[in-house]
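Breakdown of the fold
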Amino acid sequence: WAAFMVVSYYNVIMAWSLQYLYYSFQTPLPWGSTTKTAEEFFFGTVLRMRGSDGELWTLKDGMGPLNWPLLLSLLGQWALIFICVFKLTKTVQWVVTVTVPLPFLLIAVMTIYGLTKEGASSGVMAYINPTNNPGALLSLDAWVDACGQIFFGLSLSTAVMIGYSSHQAKDSKMVRNTWIIAIGNSMTSIVAGFAVFALLGHFAFIQNESVDSVASSGYILSFQTFPATFSSFSGKGAPQAFSVLFFLTLLLLGIDSAMSLVEAVCEAFIDNNTFCRKHVPLVVFVFCSIGFLFSFIMATKSGYYVLDILDHFSSTYLMLMGGGLSAFVVGWLYPADKLVRQVRENSGEDAFWLPFLWAHMIKFFTPLVLALLFGYNFVRDCMRPYNGYQHWALVCFGWIPCLVIPTLAFGLPSLFIEKPSQIRSKLQLACTKRASHQRGTKTEEGGGDANPEDEVVDTVRSNTSVVTMDSLTHEV
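Residues numbered from 1 in each chain as written. Predicted model: local features only at pLDDT ≥ 70, side-chain atom pairs only at ≥ 80, totals over all residues. Heavy atoms only, no water.

**Side note on the overall build of the protein chain**
Spelled out, the test is: The secondary structure listing takes helices from DSSP runs of H or I that are at least 4 residues long and strands from runs of E that are at least 2 residues long, numbered from the N terminus. Each residue is placed in one exposure class: buried if its accessible area under a 1.4 Å probe, protein chains only, is under 20% of its type's maximum, exposed if it is over 50%, and partly exposed if it falls in between. Areas reported here follow the Shrake-Rupley algorithm with a probe of radius 1.4 Å; residue values treat only the protein chains shown as occluding.
Counting its secondary structure elements, the protein chain contains 20 helices and 0 strands. Residues counted as buried form 45% of the 476 residues belonging to the protein chain. When the accessible surface of the protein chain is summed, it comes to about 23,400 Å², and 67% of that surface belongs to carbon and sulfur atoms.

Have a look at this one:
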C-alpha cells in the first residue's frame, strides 16, 4: 500500500520534470533568472493554477479542471514505467545499466562545475558549518525530515528492499551488500548536497543576497530555485545544457524509483497467485493503469495541494508505521536471533556487532524512535492543520489513505483477531510456500531432486525477479 501511494504521486513529480526537460531546449529559458519569474512559470505555465481572475487557485475553489498537458506528461511517464517493467529481465536489466550509473556522472559534473562558480564557497559553508543554525539539530522537525529522507533513499517500508533481498542467492554476502547500499546511499546524498549548495551559493552571489534567503526545500528548490540558477549561467548554451542535465537526472532517478515501487507491488500478486504468475505483463498493465487513474486528481488545478498532502502524510505516518511494524515482525515474530543465525550459517559473514547490537536495535531502539517520531507528528498535525489546508482535504487525501485505511485493512485483523503465534505461523508458512514453489520449479527445469538445503527459508529466490541484488550492488 505504501509503495502504491508513493509511486502514484511520485510519477506526477516526474511528469513535472518531463515538462521542464522539454522547456529546457528553448532559448532563452522561459522561466527567467529570478525566483519570482521561476515561481510564476511553475504555478502559471506548468501547473496552470491561475484562475480567470489571475489569482492563484486554492482548495477553497475546489479541485478545478484537468491540466491536459500535465495529464499527457503523466500518461507518458506511466507508459515509460510499463515499458521498462512489463518484460521483466529483458528490459529492466538493460534499463538499470543506464539509469543507475548515469545520474552519478551527472551529479559529479554539476558538483565540479558548481564548485568552480563565484560564491560557491559561501554555499558550501552554509552546508557543512553547523554553527549557522545550531538550533536545527535540536528540533524534532529536522529529525523527522531526516528519517523520511532515509526511508525514501533506502526504499524502506515499501517492500522494495524485501523484494530485492528475496532474489539473492543462498550464499550471497548479505552483510556486505547491506553496508554497500547504506553507505552508498548516504555518500551519494552528501555529494549531491555539495552540488546543491555550491549552485545556491553562486545564485545568491549573483542576486546579491544571502544563501539563507535563496535556500529552500522540496519542490521550490527543484522547480523554482534551480531553474532560475541555470538561467543565470553565462556562456552560449550553458543554461540549456545544465537545465537538461538536471532534469534528465531527476527523470532517471525517478524511473529507477518508480520501477522498484511498481515491481514491489506486482510481485506480491505474482508470488501468491497462479494466474498472476502466468500473466505478468497483464498484472503490470493493470497496476500501471490503476496508478494512472489514481494520479488523475493530481493533474487538476488543485493537484499540487493534493500531492503535497499525500507526500507529507505518506512520509510522516505511512512510512513510519510500516517501518515500526516491520521491525516488530522481524524482531519479535521471526525472530531477530534466528535471522542473525541464518545469515551467519548461509553467507559465512558475521560482523562483530551483528549478533548483539542488531537484534537489540531492531527489537527496542528502532520501534521506540519511530513511535516517538510518529507521536510527535500526530500531535503536531492535530494541533495545527498541515500547511493551513482545509480539514476536508487533510482527511480525504491524508488521514484516510495514509493512516485509516492501512490501519483498518492490515493492523486491526493482525492485532485483535489473530494471536501473535498465529501471525508467526502464517509468516513461516508463507515463506515455506515460496520455498516449495522455487524447489518445484528447479526440479522441473533440472529434472532432478531438489536440494534439502533449499528448505532454509531465507534462501528463497523468486522466478519473477526483474532486478537482482547482485546487479544493483554492482551498479552502486
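Read on for the rest.
**A look at empty space enclosed by the protein**
Put simply, the rule reads: Site definitions follow a grid-based scheme: protein atoms alone, a 1 Å grid, a 1.4 Å probe that fits but cannot get out for cavities, and for pockets an open set with protein on both sides within 12 Å along at least five of seven lines, plus lining residues having an atom within 4 Å of a point. Grid points are joined across faces, edges and corners, and a volume is the space filled by probe spheres set on the points. Lys, Arg, Asp and Glu make up the charged group, whereas Ala, Val, Leu, Ile, Met, Phe, Trp, Tyr, Cys and Pro make up the nonpolar group; the residues left over, Gly among them, are polar.
Within the structure shown, the criterion is met by 2 cavities of 30 Å³ or more. Counted as a void, the second largest cavity has a volume near 30 Å³. Within the lining of the second largest cavity, the residues separate by chemical class into 5 nonpolar, 3 polar and 1 charged.

**Observations regarding the pattern of salt bridges**
Oppositely charged side chains can form a pair if their charged atoms are brought close together. Put simply, the rule is: In the sections that follow, a salt bridge refers to a side-chain nitrogen of Lys or Arg positioned within 4 Å of a carboxyl oxygen of Asp or Glu.
Counted under the stated rule, the structure contains 3 salt bridges. In this structure, Lys363 and Asp337 form a salt bridge, with 3.9 Å as the shortest nitrogen-oxygen distance. Remark: Asp337 occurs in helix α16 (residues 336-347) and Lys363 occurs in helix α17 (residues 354-383); sequence separation between them is 26 residues. The exposure class of Lys363 is buried, given its relative accessible area of 19%. Among the residues examined, Asp337 registers a relative accessible area of 42% and is labelled partly exposed.

**Considering the side chain of Gln224**
Selection rule: Any two residues whose heavy atoms approach within 4.5 Å are treated as being in contact.
As for its placement among the helices and strands, Gln224 is situated in helix α11 (residues 218-231). The exposure class assigned to Gln224 is buried, which follows from its relative accessible area of 6%. In contact with Gln224, other than residues within four places in its own chain, are Thr35, Ala38, Glu39, Phe42, Phe43 and Tyr219.

**Topic: the confidence of the model for the protein chain**
If pLDDT is low for a region, its predicted coordinates should not be looked at in detail. Convention followed: Per-residue confidence from the prediction method is given by pLDDT, with values spanning 0 to 100.
For the protein chain, the average pLDDT comes to 81, and 83% of its residues sit at 70 or higher. Summarising per-element confidence for the protein chain, the mean pLDDT is lowest in helix α20 (residues 469-475) (35) and highest in helix α1 (residues 2-23) (93). A low-confidence stretch, residues 434-476 (pLDDT under 50), is modelled with 84 contacts involving residues beyond four sequence positions or located in other chains.

**Quick look at unusual backbone geometry**
The omega torsion across Thr27 and Pro28 is -5°, close enough to zero to call that bond cis. Relative to the elements of secondary structure, Pro28 occurs in the loop between α1 and α2 (35-46). Not every positive phi belongs to a glycine, and Arg48 is a case in point at roughly 50°. Topologically, Arg48 is positioned in the loop between α2 and α3 (68-85).

**A few points about the nonpolar core**
Selection rule: The nonpolar core is taken to be a set of buried Ala, Val, Leu, Ile, Met, Phe, Trp, Tyr and Cys residues, with the residues joined through side-chain atoms within 4.5 Å.
Residues Trp16, Leu47, Val262 and Tyr304 are the most contacted members of the largest nonpolar core, which totals 101 residues. The contact partners of Trp16, leaving out residues within four places of it in the chain, are Phe42, Leu47, Leu70, Tyr219, Phe223, Tyr304 and Leu307.

**Some points on the packing of aromatic side chains**
Just so we agree on the cut-off: A pair of aromatic rings is counted whenever rings of Phe, Tyr or Trp (Trp by its six-membered ring) have centres within 6.5 Å, and the orientation is called stacked for planes under 30 degrees apart, edge-to-face for over 60 and tilted otherwise. Whether a charge lies above a ring is judged from NZ of Lys or CZ of Arg, which has to be within 6 Å of the ring centre and within 35 degrees of the ring normal.
Evaluated as defined, the whole model comprises 46 aromatic pairs. When the centroid spacing of 5.7 Å and the interplanar angle of 10° are considered together, the rings of Phe42 and Phe223 count as stacked. Of this pair, Phe42 sits in helix α2 while Phe223 is found in helix α11, placing the two residues 181 residues apart along the sequence. Across the pair, exposure class does not vary: Phe42 and Phe223 are buried alike. Ring geometry for Tyr305 against Tyr389: centres 5.8 Å apart, planes inclined by 65°, an arrangement best described as edge-to-face. Of this pair, Tyr305 sits in helix α15 (residues 303-333) while Tyr389 sits in the loop between α17 and α18 (391-417), and the two are 84 residues apart along the sequence. Here Lys338 stacks its cationic end above the ring of Tyr334, 5.0 Å away from the centre of that ring. Over the aromatic face of Trp332 sits the side chain of Lys363, whose NZ or CZ is 5.0 Å from the ring centroid.

**Examining a nonpolar patch on the surface**
Rules: Patch membership is restricted to residues that have no salt bridge and whose relative accessible area is over 30%. Joining uses 9 Å for like charges and 5 Å for the nonpolar side chains Val, Leu, Ile, Met, Phe, Trp and Tyr.
A cluster of nonpolar side chains, Trp1, Val395, Ile400, Val404, Ile405, Leu408 and Phe410, forms an exposed patch at the surface whose accessible area comes to about 600 Å². Considering the arrangement of structural elements, one finds Val404 in helix α18. Here Val404 falls in the partly exposed class, since its relative accessible area comes to 36%.

**Some details on the environment of Phe4**
Tracing the chain through its elements places Phe4 in helix α1. Residue class for Phe4 comes out buried when judged on its relative accessible area of 12%. Each C-alpha atom of the pair Phe4 and Thr158 lies 8.4 Å from the other, and the pair is 154 residues apart in sequence. Beyond its immediate sequence surroundings of up to four residues, Phe4 is in contact with Val265, Phe287, Ile290, Gly291 and Phe294.

**Description of the environment of Ile309**
Within the element layout of this structure, Ile309 appears in helix α15. Owing to a relative accessible area of 0%, Ile309 belongs among the buried residues under this scheme. Placed 90 residues apart in sequence, Ile309 and Trp399 show a C-alpha to C-alpha distance of 9.4 Å.

**Section: the side chain of Thr111**
With respect to the helices, strands and loops of the structure, Thr111 is situated in helix α5 (residues 101-115). When its relative accessible area of 9% is taken as the criterion, Thr111 is described as buried. Apart from the residues within four sequence positions on either side, Thr111 is in contact with Val191, Phe194 and Ala195.

**Observations regarding the packing of α1 against α3**
Operational definition: Angles run from 0 to 180 degrees between N-to-C directions of axes, and those axes are lines fitted to C-alpha atoms, restricted for helices to the stretch in contact. Any angle from 65 to 115 degrees is called roughly perpendicular, while one under 35 is roughly parallel, one over 145 is roughly antiparallel, and all others are oblique. Here a crossing is taken to be left-handed if its near helix is turned anticlockwise relative to the far helix by less than a right angle, and right-handed if that turn runs clockwise.
Orientation of α1 relative to α3, taken along the N-to-C sense of each, is 115°, at an axis distance of 8 Å. The angle between α1 and α3 falls in the class roughly perpendicular. Seen along the crossing, α1 lies across α3 with a hand that is right-handed. Counted together, Val7, Ser8, Asn11, Val12, Met14, Ala15, Trp16, Leu18 and Gln19 of α1 and Pro69, Leu70, Ser73, Leu74, Gln77, Trp78 and Ile81 of α3 form the full contact between these two elements. When grouped by side-chain class, the residues that make up the contact of α1 with α3 number 11 nonpolar, 5 polar and no charged.

**Let's talk about helix α9 (residues 174-207)**
What sets the pattern is the α-helix's 3.6 residues per turn: residues three or four places apart point alike. The following threshold applies: What a helix should span is 1.5 Å times the count of its residues minus one.
Along its 34 residues, α9 runs 49 Å from first to last C-alpha, staying within 8% of the 50 Å computed at 1.5 Å per residue. Positioned one or two residues after α9, Asn208 has a phi angle of 60°, which is positive.

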